Amino acid sequence: MPLGSSGHLLRHFIPTISISKPSSSNGGKATAISCKILQNSNNSNFANSKPVFGSNNIISIAIVLALTTPLPTLAIPSLNSQPFSLPSTPFSQAKDLPTGLDNGKIRPCPSINPGCVSTNPKSSSFAFPWSIPANSSDNAIQKLQDAILRTQKNVKIQLVEDTPNGQYLQAEVDGGFGRDVLEFLVNGDVVTYRAMATKVTYIYPFTTALGDSKGQEERMIKILNELGWYAPSFDSMD
């Protein structure tokens with residue numbers, strides 16, 4: 001369209017702003033802001049009318065658009081979003097080591113805890129189960145408890161209970177760097193067990209824990225000798 005034609009067309013549309021004044025009926029608040037496009041109905045004055053899109057009209061339209069355009073909303077985190085958690089490390093895992101039976105069996109030693117020995121074959125520090133002689137099988141769980149009290153320091157019997165897989169005993173004793181946990185499962189004439197340090201020591205910045213299973217092995221040998229029971233060893237298989 002030629003520029004001249006568009007100039008004549010624009011003469012017929014005059015933007016106006018209508019702003020309602022506060023009234024007592026609505027608490028003194030303005031009720032409406034609107035923009036109207038008025039068309040010049042006087043066709044006879046078409047040729048004599050002047051362009052109305054001057055700087056004042058453009059400013060008026062800009063004000064109306066600014067007042068009527070909704071503001072952008074800020075993103076607010078959902079209350080149901082998952083809390084931030086730090087990545088797991090060997091040190092954090094060693095603070096809460098599980099105890100008790102796992103599917104009716106003694107647990108293996110955790111890979112992050114070298115101060116441990118277990119009869120579970122999945123354990124890196126494996127020990128053979130004990131065998132109870134026929135003349136000592138009566139009330140074996142009580143005899144085991146008495147042997148722990150006689151050979152260990154500051155013993156605290158935590159749990160003695162019957163399970164579908166045998167009698168379970170858990171005790172706490174003094175260890176090299178804190179308290180150690182002893183767990184036994186007596187099933188007939190077979191005793192499976194785990195002896196584990198509850199405190200794992202690390203030296204920064206290394207992530208390999210200090211210690212080994214020798215202290216736990218020596219502890220269990222003392223209890224075994226006190227009972228007079230039997231445990232096979234790799235040396236006896238030569």
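Basis of the calculations
Residues numbered from 1 in each chain as written. Predicted model: local features only at pLDDT ≥ 70, side-chain atom pairs only at ≥ 80, totals over all residues. Heavy atoms only, no water. Helix = DSSP H or I, 4+ residues; strand = E, 2+ residues; numbered from the N terminus. Buried < 20%, exposed > 50% of the residue type's maximum accessible area, 1.4 Å probe, protein only. Contact = heavy atoms within 4.5 Å. Areas by Shrake-Rupley, 256 points an atom, 1.4 Å probe, with all protein chains shown as cover. Phe/Tyr/Trp six-rings, centres within 6.5 Å; stacked < 30°, edge-to-face > 60°. Pairing = 2+ DSSP bridges. Expected span 1.5 Å × (residues − 1). Arc of directions from axis to C-beta. Polar contact = N/O pair within 3.5 Å; in protein donor to acceptor, adjacent residues only side chain to side chain. Disulfide = S-S within 2.5 Å.

*Asks:* Looking at this structure, how should I read the overall build of the chain?
*Replies:* Counting its regular elements, the chain contains five helices and eight strands. Sequence-ordered secondary structure for the chain, helices as α and strands as β, is α-β-β-α-α-β-β-α-β-β-β-β-α. With 238 residues in all, the chain has 28% of them scored as buried. Across the chain, the fraction of contacts at a sequence separation of at least 24, relative to all contacts at a separation of at least 6, is 53%. As displayed, the chain has an accessible area near 16000 Å², and 57% of this comes from carbon and sulfur atoms.

*Asks:* Explanation requested: the packing of aromatic side chains in the structure shown.
*Replies:* Given two aromatic rings, their pairing is described by the distance between the two centres and the angle made by the two planes. Applying the stated rule across the entire model yields five aromatic pairs. Ring centres 6.5 Å apart and planes at 70 degrees place the aromatic pair Trp130 and Trp229 in the edge-to-face group. With Trp130 in strand S4 (residues 130-131) and Trp229 in the segment after helix H5 (214-227), the pair connects residues that are 99 residues apart, well separated along the chain. Each member of the pair Trp130 and Trp229 is classed as buried.

*Asks:* Please explain the pairing of strand S8 (residues 190-197) as it appears in this structure.
*Replies:* Most of S8 is tucked away, with six of its eight residues classed as buried. The pairing of strand S3 (residues 116-118) with S8 spans three bridges and is classified as antiparallel. Note that in S8 the partner of Ser118 across the bridge is Arg194. Relative to S8, S4 is paired through two bridges, and the arrangement is antiparallel. Note on S8: the bridge partner recorded for Trp130 is Val191. In the sheet, strand S7 (residues 179-187) pairs with S8 via eight bridges, with the strands oriented antiparallel. Each residue of the ladder has a partner; that of Asp180, found in S8, is Ala197.

*Asks:* Any chance you could explain helix H4 (residues 140-151) here in plain terms?
*Replies:* Side chains of residues three or four places apart in an α-helix project in the same direction, reflecting 3.6 residues per turn. Taking 1.5 Å per residue, twelve residues should reach 16 Å; H4 reaches 17 Å between its end C-alpha atoms and fits that length. Every buried residue of H4 is listed here: Ala140, Ile141, Leu144, Gln145, Ala147 and Ile148. Seen end-on, H4 carries its buried residues on one side only, within an arc spanning 160 degrees.

*Asks:* Is there a simple way to think about the environment of Asn165 in this case?
*Replies:* Along the polypeptide, Asn165 turns up in the loop between strand S5 (156-163) and strand S6 (166-174). Classification of Asn165 as partly exposed rests on a relative accessible area of 33%. Each C-alpha atom, one on Asn165 and one on Val186, is 8.4 Å from the other, the two residues being 21 residues apart in sequence. Asn165 has contacts with Gly104, Leu185 and Asn187, leaving out every residue within four places of it along the chain.

*Asks:* When you look at the side chain of Ser123 in this model, what are you seeing that I'm missing?
*Replies:* If you trace the backbone, Ser123 turns up in the loop between S3 and S4. Under the relative-accessibility criterion, Ser123 is labelled buried at 7%. Reaching out from Ser123, the side chain makes a polar contact with the backbone oxygen of Ser125 at a distance of 3.3 Å. Apart from residues lying up to four places away in sequence, Ser123 is in contact with Pro108, Cys109 and Ser118.

*Asks:* When you look at the state of the cysteines in this model, what are you seeing that I'm missing?
*Replies:* Think of a disulfide as a covalent bridge from one cysteine sulfur atom to another cysteine sulfur atom. Summed over the entire model, instances satisfying the criterion amount to one disulfide. The side chain of Cys109 participates in a disulfide bridge whose partner is Cys116; the two sulfur atoms lie 2.1 Å from each other. Because the sign of the S-S torsion sets the handedness, a value of about -80 degrees for the bond joining Cys109 and Cys116 places this disulfide among the left-handed ones. Given the relative accessible area of 9%, Cys109 is considered buried.

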